[in-house]
Amino acid sequence: MPLMPKRVKYRKQQRGSRRGIAQSGHTLAFGEYGLQSLGRGWVTATQLEACRVAINRFIKRKGRVWLRVFPDKPVTKKPLETRMGKGKGAVEAWVAVVRPGTMLFEMDGVPLETAREALRLAAFKLPVHSRFVARHAVAR
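Here the structure is a predicted model, which is why all the values come from computation and not from measurement.

About the cut-offs
Going along each chain's sequence as written, the residues are numbered from 1 onward. Predicted model: local features are reported for residues with pLDDT of at least 70 only, side-chain atom pairs are reported and counted for 80 or more only, and whole-chain, interface and lining totals are derived from all residues. Values shown for side chains rest on all heavy atoms present in the structure; no hydrogens or waters enter the calculation. Helix and strand definitions here come from DSSP, where helices need a minimum of 4 consecutive H or I residues and strands a minimum of 2 consecutive E residues; each element is numbered from the N-terminal end. Accessibility here uses a 1.4 Å probe with only protein chains present; expressed as a share of the type maximum, an area under 20% marks a residue as buried, one over 50% as exposed, and anything in between as partly exposed. In this description, contact between two residues means that some pair of their heavy atoms is separated by no more than 4.5 Å. Strands pair, by our definition, only if DSSP identifies at least two bridges between them. Between the N-to-C directions of two axes lies an angle of 0 to 180 degrees, each axis being a line fitted to C-alpha atoms and, for a helix, fitted only over the stretch in contact.

Undergrad: Looking at this model, I keep getting lost on the overall build of the protein. Mind explaining?
TA: Within the protein one finds 3 helices and 7 strands. Reading the helices (α) and strands (β) of the protein from amino to carboxyl end gives β-β-α-β-β-β-β-α-β-α. A burial count over the protein gives 35% of its 140 residues as buried. A separation of at least 24 residues holds for 81% of the contacts in the protein among residues at least 6 apart in sequence.

Undergrad: For this particular structure, what's the right way to read the sheet that holds strand 4 (residues 73-77)?
TA: Picture the strands of a sheet paired through backbone hydrogen bonds; they go either parallel or antiparallel. Judged by pairing direction, the sheet is antiparallel, and its 3 strands sit side by side in the order 2-5-4 without closing on themselves. The open sheet has two edge strands with one neighbour each: strand 2 (41-44) and strand 4. Geometrically, the sheet is characterised by an average inter-axis angle of 55 degrees between neighbouring strands, direction not taken into account. Taken together, the 5 bridges between strand 4 and strand 5 (residues 90-98) define a ladder with antiparallel strand orientation. The partner of Lys 77 across the bridge, within strand 5, is Ala 90. Of the strands in this sheet, strand 2 and strand 5 touch helix 1 (residues 45-58), which is tilted by about 65 degrees from strand 2.

Undergrad: I'm lost on the sheet that holds strand 1 (residues 33-37) in this one. Help?
TA: Ordered by their spatial adjacency, 4 strands build an open sheet running 3-6-1-7, and the pairing between neighbours is antiparallel. The strands lining the two open edges of the sheet, one partner per strand, are strand 3 (64-67) and strand 7 (130-134). Across this sheet, the average inter-strand angle for adjacent strands is 20 degrees, counted without regard to direction. Each of strand 1, strand 6 (103-108) and strand 7 is contacted by helix 2 (residues 112-123), which is oriented at about 30 degrees to strand 1, the strand it contacts most.

Undergrad: Explanation requested: the side chain of Thr 76 in the structure shown.
TA: Residue placement: Thr 76 occurs in strand 4. Relative accessible area serves as the criterion here: at 14%, Thr 76 is assigned to the buried category. Discounting chain neighbours no more than four positions away, the residues touching Thr 76 are Lys 12, Arg 15, Lys 88, Gly 89, Ala 90, Val 91 and Glu 92.

Fair warning: the whole summary comes from geometry, so function is off the table for now.
Next up, the structure:
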């Protein structure tokens, strides 16, 4: 079952704005290493799950992984070959809005090279450009 909110106040939302840079959640808060977004866009629950699986498989469930974004925005889609009108389509996917600077994943308890490779594998599964960040590099 992909990530999604347990319940929401409104079933359907408008697309909203993706302008600006991340105002919160842009620094390492839990782990030693992280994957930070450089682009903007929507990251679906399925993409986040694929990243999580790729990371956990590579580190062989050693260390600890934090997912820093949550897909809480419903995206709707009308069925193919449907005429215009007749209301808004059904909810197709749940997405997390990602802006430049958003921390997507964090890791701890593994060596630097292992973390770098695990997050590189995860980055391939994302629709936004991202970079590897380490706490000791941030402190300098």
